[in-house]
Every structure is written in C-alpha cells, then in structure tokens.
Amino acid sequence: FDSACSCGQSPPSHASQSTAGSPQRKASASELPPSTMVLIRGISGDTETARKAETVRQAFKRPAWWVLLFGWFLACCAGAVNAIAFRSFGRYVSHATGATTSIALGIHGFADGRHGWAEPDDAIKLLACFLCGAFACGLLVDRNSVHFGGKALYGAALVGNSMLLLIAVLVFDAYGDSLAASCLSACACGLQNAMC
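Residues numbered from 1 in each chain as written. Predicted model: local features only at pLDDT ≥ 70, side-chain atom pairs only at ≥ 80, totals over all residues. Heavy atoms only, no water.

So what exactly am I meant to see when it comes to the overall build of the chain here?
Broken down by element type, the chain carries nine helices and zero strands. Its helices and strands taken in sequence order, the chain reads α-α-α-α-α-α-α-α-α from the N to the C terminus. The 196 residues of the chain split such that 30% are buried. Considering only contacts within the chain whose residues lie at least 6 apart along the sequence, 51% involve residues at least 24 apart. As presented, the chain carries roughly 12000 Å² of accessible surface, and 65% of it is formed by carbon and sulfur atoms. (Helix = DSSP H or I, 4+ residues; strand = E, 2+ residues; numbered from the N terminus. Buried < 20%, exposed > 50% of the residue type's maximum accessible area, 1.4 Å probe, protein only. Contact = heavy atoms within 4.5 Å. Areas by Shrake-Rupley, 256 points an atom, 1.4 Å probe, with all protein chains shown as cover.)

Laid out in structure tokens, this is it:
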C-alpha cells in the first residue's frame, strides 16, 4: 500500500507541502494512514477528499457508555412497540421503510386492479404519522447531540411518546379502530426515532 501512496503524483495545490528530495506525495501520505489514502484515493482520485475523510473520521468521538445503554434501551422499546402493534393492530409501525414499501406495493396493486385505494392509503397515513412524530421531536430536541438542560426537552419527548402509546391503547380498546391506534403508535415511534 505504501508504494501506491508514494507514487510521486500530487495535485498542484499540495506541492508546497513536499520536502526536498522526497516525492511530492510523501508529505500528504504521512498525514493519513496509508490504507486510508489508498482506499479513498482509489475511489475518488483526489487526495483532498482523502484528507477531509480522515478529518471527519478523527472528529468522531465514541459516545459515553450511558448514552449507548440508553440508545440500546430505546431500540428494545421500539422493537417491543412494533411487535405488539403488529400482533394487536396487524400493522408494523416503527420503521418508515416498511410503510414506504407498502405504499409502493399498494399503488402497484391498485394500478393492476387487484384492490382498491384503501391499502396504500393506510400505509400513507402510517408514514405521515411517523414523519409527524419525527418532526415534533425535532421541535423539542434542537441539536444533533446528546445534551441535557438548556433547550433540549428529552423529558417532554419521552412523556409525549408514552402518552401517544397510551392513547393508542385506549383508542383501540374503546373503539376497536386499529388504523387510528397504529397511526398514534407510528407517531410515537417517529418521535422516539428522531430522539436517538
């Protein structure tokens, strides 16, 4: 790999970084691990892209253990909500890709005349509710990092999540409306998904 990195070719903008008697490329290769340079240079053909990619990689900080534990717990909760919703309401609610696939298959079935518009309509409602929940979380938690205090309202997001799930159960028990209960559950899952 080192021989591929020090091939002696470098963009003109990096010529000032070279040292006397060594190939122009050697100075930029010393800044990055050789395997990173070869991989990114092989894909993009640009050492500047490789340098930016390495800068981003080095800026990543592993989250604290309690953040990982909290994320794991939320993922387990989302899985439980999805499983319970499917067993109770007959619909998956915790992932937008499944709803999007259902929309596409429903539109295809409608176009082929196999069923009416109700099937893709339900999936569209589920996806819209999931996105509304994610949007609501974006209003409550204003940054893309885990922080407490200030403007981040994690507690309000979690209370809203539990309230939506409680209302979903009450709607299903009182009215037997599985679509409304599924939509409320999807909204809660979107809210929680955006929190992580």
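How do you make sense of the packing of helix α5 (residues 65-89) against helix α8 (residues 154-175) when you look at a structure like this?
Packed helix pairs are specified by the crossing angle of their axes together with the interaxial distance, meaning the distance between the axes. As a packed pair, α5 and α8 sit with axes 13 Å apart at the nearest point and diverge in direction by 15°. In terms of orientation, α5 lies roughly parallel with respect to α8. Handedness of the crossing formed by α5 with α8: left-handed. For the pair α5 and α8, contact is made by F70, L74, V81, S88 and F89 and by L158, L165 and F172, respectively. When its residues are assigned to classes, the contact of α5 with α8 shows seven nonpolar, one polar and no charged. (Axes fitted to C-alpha atoms, helices over the stretch in contact; angles between N-to-C directions. Parallel < 35°, antiparallel > 145°, perpendicular 65-115°, else oblique. Left-handed = near helix turned anticlockwise from the far one by under 90°. Nonpolar A, V, L, I, M, F, W, Y, C, P; charged D, E, K, R; others polar.)

Sorry if this is basic, but what is going on with the side chain of S185 here?
Topologically, S185 is positioned in helix α9 (residues 178-195). Since its relative accessible area comes to 4%, S185 is described here as buried. When sequence neighbours within four positions are dropped, the list of residues in contact with S185 reads F89, V93, L165 and A168.

Note that every value here comes from positions in space, so none of it alone points to a role or purpose.
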